[in-house]
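Structural characterization, general
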Amino acid sequence: MVDLSTRYMGLPLEHPLVASAGPLTKELDGIKRLEDGGAAAIVMFSLFEEQIRHEAAAAEHLSEVGSESFAESLSYFPSIGGFQVGPERYLELVRRARESVGVPIIASLNGSSDDGWVEYARLLCQAGAAAIELNVYFVPADPSLTGANVEQRYLDILGAVRSEVPVPVAIKLGPFFSSFANMAKRLDDAGADGLVLFNRFYQPDFDLERREVVPALELSTPREARLPLLWLGVLHGQLRASLAASTGVESPVEVVKYLLAGADVVMTTSSLLRHGAGHLAELRAGLETWLSAHDYASVAQARGSMSHRKVSDPTAFERGNYVRALESYDSRRPSR
Amino acid sequence: MIDAGEVARRAGLGGRTNTIMQTCFFAISGVLPREAALAKIRGAIEKSYAVKGREVVRKNFEAVDLTLSSLARVPVPEAVTSRRYRLPLVGDHAPPFVREVTARMMAGRGDELPVSAFPVDGTYPSGTARWEKRGISRVVPVWEPDVCIQCGNCSLVCPHAVIRAKFYPDKRLEGAPAPWKSAPIDARGFPEIRYSLQVYVDDCTGCALCVEVCPARDKQDSSRRAINMAAKDPVVAAERENIQFFESLPWNDRSRVDFSTVRGAQFLEPLFEFSGACAGCGETPYLKLASQLFGDRMVTANATGCSSIYGGNLPTTPWAKNAAGRGPAWSNSLFEDNAEFGLGLRLAADAHLEQARGLALELQDLIGRELVAEILGAKQRLESELRAQRARVDELKKRLTARAGPRPLALLSVADHLVRRSVWIVGGDGWAYDIGAGGLDHVLASGRDVNVLVLDTEVYSNTGGQASKATPLAAVAKFSAGGKSTGKKDLALQAISYGDVYVARVAFGANPQQTLLALREAEAYPGPSLVIAYSHCIAHGINMQHGLSQQSLAVSSGYWPLLRYNPAARASGENPFSLDSGAPRTRFREYAYNELRYRMLQQASPTHAEELMKRAEEAVTRRWATYAEMAGRGG
């Protein structure tokens, strides 16, 4: 019997498979299905401050349009008890999830204002979130913004939330920093309890007929696991914070790879959207089978065993790997 | 002084300025100590808006702070030095009735008018909304001739007939003002013809539907369309000049216009214009289109509801007339008898026609046998045939005027009925599905040549969004605050069951060409016709700028299948029922949850909302199967 237990930001988990923020967590039924499917912890879908503000403004505006403007009608919508557009519904879902499932509920927050990050994080704690994941989705499109400015923004957000909430705080990042390892270290120093690698920046597409920019959302594939794999391997053992692998999990293969690179937990949403919440049990069984077949007694024993520090050729993680990759690609090309 | 609108916008309050004005009052009036008053205002905000959520409370708090920092003291000068004056309520060139009666009522001085100022026979002049020039929008559409493909979509969807198109010989450009815009007409073989689109900027409500529907993009800047919203102030003077020139160009000859295309129909003069309907209204484009197609011989019975309010909103009416003085005759009866009222108009027109035909035969030796034979035997379906008949009737009237005696005079009084009347019975769903349903059913069963247009907003819009039998399952409405738990009545199927009623379901935002076709077929059909028109509405809880995309989603989800049932098709062995939209390709909820009327329930009571939503989706699937089966039948 392999010991699959792990710890994530100090939270003891039965095994390392965590359901990451996604649409399955939008309803209590979905959250329960994820627990039944075997999630060791559940990250809720992101609470977007900007979206809430926008929706609240829109709902207020739309329900008031035409009000007190016409002689025969003072309003156009009924007054409905319980109708509020704000974080209340999300907070209520956190509360109900906390009461209904046994695994830790991690709330995910995407703020848009300095006050918003802190205020919403505090509300999420009060609602019963076991931890908070800061989903810093930010595209620095302003050319006057320097890399240092961007990095400081991440640190400021983390610092502000960290000092205000008693529960662990993770930060979910994109890979686009000049020196990612340094950034990770600074976040670790600033008090991050966990780093989630990586946030996928959804890149918009063009509709050529309408000549409009359209949102494009595709589920992640195992090919996308390589970038997190690299940085998990590099960071393992160098930080106090826990490491979570996210992106590209489809089968037990990616789970094992991430753990060997040094992840404390492995998160997935895309595979659950493809195969259903029950897929978690298959991932877990596959992980156990692999560990057992390779004589590992526990996840702890395997974790980081192929990290930057442990592999026989550390350059595999650095430039050497790049050169080798080019050489191997070159050797596949047909000769002329 | 404060720019309350701007403060409201910055605070995210939209157009609501109540918190701002209240703060101003207590900040400067001295009624209460300032700080105490402000504390009470904040307390009142907390109390009033807590139920709407913390974001609404927060925005109102912000509005208080912004108000205090935006209040500016204006010293009152010793003498007035401004050179800007208010424009007169109506222009000097307005007709005498508008200047003497309408304008005084617009100024709120109607009580001063003597009874003798009003028409003695109960009729009222039409075409008066054009004198109001409300100027309510700070942004207006600006046309870009170099990008435009002259499709006519912007003009079609404009709820207030603010965008109009004409074509004309290029030699007319000689008298054009400097800012005048034009482009070569996009048609082969007419190099000397120019095309112009004119925006009536003072009548625009700023809804931006025209921009939403515009398919053309600048090749080098895809954000620039052929029509774009821009600040009104910089363009208003030039556009007023352009409007004068535009009005000096004659409307295009109806016999040279292709009625069968959206583009062609937009060269027809709208005889429904500048109404007081909401910005972005989903009803008025249908009325405007009908007025373009049939307006100069249209008689309308209008049920009570939004369309009766913006249709006859004393002191003005948007129903207008052309240069020959012809336009729709319009009247509003009651909620409960409008269909019967319209049938009465039909019967009266028929009786007058019979009278005219009898008198014409009786007087044919006096008038001329050939002319009478031509008049009585004339076909009047095509525009060219109607035009020829109108010329014959004009000739008849000329000959009658030259003759004395009671019989010629009697024929003269009814001679206009020899041109085919187009009788329209118009109203909303509150009338057609509910209060006037019995009457409508009788009229549809009468076999008479009437055209019924139901502007279906799915609630009683005018009185504030009460549920009707047109309100869909799962939507919230007044009297149905827990979400409507029964389905929408299928008025189309009810009417189709008679077998001899022309029936169409249309949505101009989804398929304007089908709307045009259905209106023309309905009018041409020599029996009762029913056109049920999807009308987006403020009571749906949408940004009205997106009304057209909501119409498209309603159709693509199968919620609002476009259909036509034309009994005339049976004569040629064809299936009278045709489905004009494809099988559902989006989910009903993708359409529904863009609207507050559905989303409110989802927020307030998610489990119940989901139950209703599932039932609604099943109902959409079931009904589509029924329609698909009907469309697949043989003739």
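Turning our eyes to something else, we now look at a nonpolar patch on the surface. Residue and element names in this part refer to chain A. Residues Y137, V139, Y202 and L217 make up a contiguous nonpolar surface patch of roughly 420 Å² in combined accessible area. Within the secondary structure, L217 sits in the loop between β10 (212–214) and α7 (226–235). Looking at L217, the relative accessible area reads 64%, which means it is exposed.

This brings us to the pattern of salt bridges. By the definition in use, this model includes 55 salt bridges over all chains. For R95 of chain A, the salt bridge identified is with E92 of chain A, shortest N-O distance 3.2 Å. In this pair, R95 of chain A and E92 of chain A both sit in helix α3 (residues 88–100), three residues apart, roughly one turn of the helix. Since its relative accessible area comes to 36%, R95 of chain A is described here as partly exposed. You can call E92 of chain A partly exposed: its relative accessible area is 36%. We note a salt bridge from R9 of chain B to E6 of chain B, for which the minimum N-O separation is 2.8 Å. One end of the pair is R9 of chain B and the other is E6 of chain B, both in helix α1 (residues 4–11) and three residues apart, which spans about a single turn.

A word on the interface of chain A and chain B. How big an interface is tends to be reported as the loss of accessible area on association of its parts. The interface is formed by 34 residues belonging to chain A together with 43 residues belonging to chain B. Interface area, chain A with chain B, both sides summed: about 3400 Å², of which 55% is carbon and sulfur. The largest contributions to the chain A side of the interface with chain B come from Y76, F77 and R211 of chain A, which together make up 19% of the buried area. The interface formed by chain A and chain B includes two salt bridges. Residue R217 of chain B pairs with E212 of chain A through a salt bridge whose shortest N-O separation is 2.9 Å.

Here we take up the domain arrangement of chain A. The domains assigned to chain A are domain 1 (6–305) and domain 2 (309–336). For domain 1 of chain A and domain 2 of chain A, the distance between their C-alpha centres works out to 33 Å.

Here we take up the packing of helix α4 (residues 114–127) of chain A against helix α5 (residues 147–162) of chain A. Residues and elements named next belong to chain A. Interaxial distance between α4 and α5 falls to 9 Å at its minimum, and their mutual angle equals 35 degrees. Of the two possible hands of crossing, α4 and α5 adopt the one that is right-handed. Two secondary-structure elements touch here, α4 through W117, V118 and A121 and α5 through I157, A160 and V161. For the contact of α4 with α5, the residue count by class is six nonpolar, no polar and no charged.

Here is what the cut-offs are and how they apply
Residues numbered from 1 in each chain as written. Chains lettered and ligands numbered in written order. Predicted model: local features only at pLDDT ≥ 70, side-chain atom pairs only at ≥ 80, totals over all residues. Heavy atoms only, no water. Patch = residues over 30% accessible without salt bridge, like charges linked within 9 Å, V, L, I, M, F, W, Y side chains within 5 Å. Areas by Shrake-Rupley, 256 points an atom, 1.4 Å probe, with all protein chains shown as cover. Salt bridge = Lys/Arg side-chain N within 4 Å of Asp/Glu carboxyl O. Helix = DSSP H or I, 4+ residues; strand = E, 2+ residues; numbered from the N terminus. Buried < 20%, exposed > 50% of the residue type's maximum accessible area, 1.4 Å probe, protein only. Contact = heavy atoms within 4.5 Å. Buried area = accessible area lost by both parts, 1.4 Å probe. Domains from an automatic or database assignment. Axes fitted to C-alpha atoms, helices over the stretch in contact; angles between N-to-C directions. Left-handed = near helix turned anticlockwise from the far one by under 90°. Nonpolar A, V, L, I, M, F, W, Y, C, P; charged D, E, K, R; others polar.

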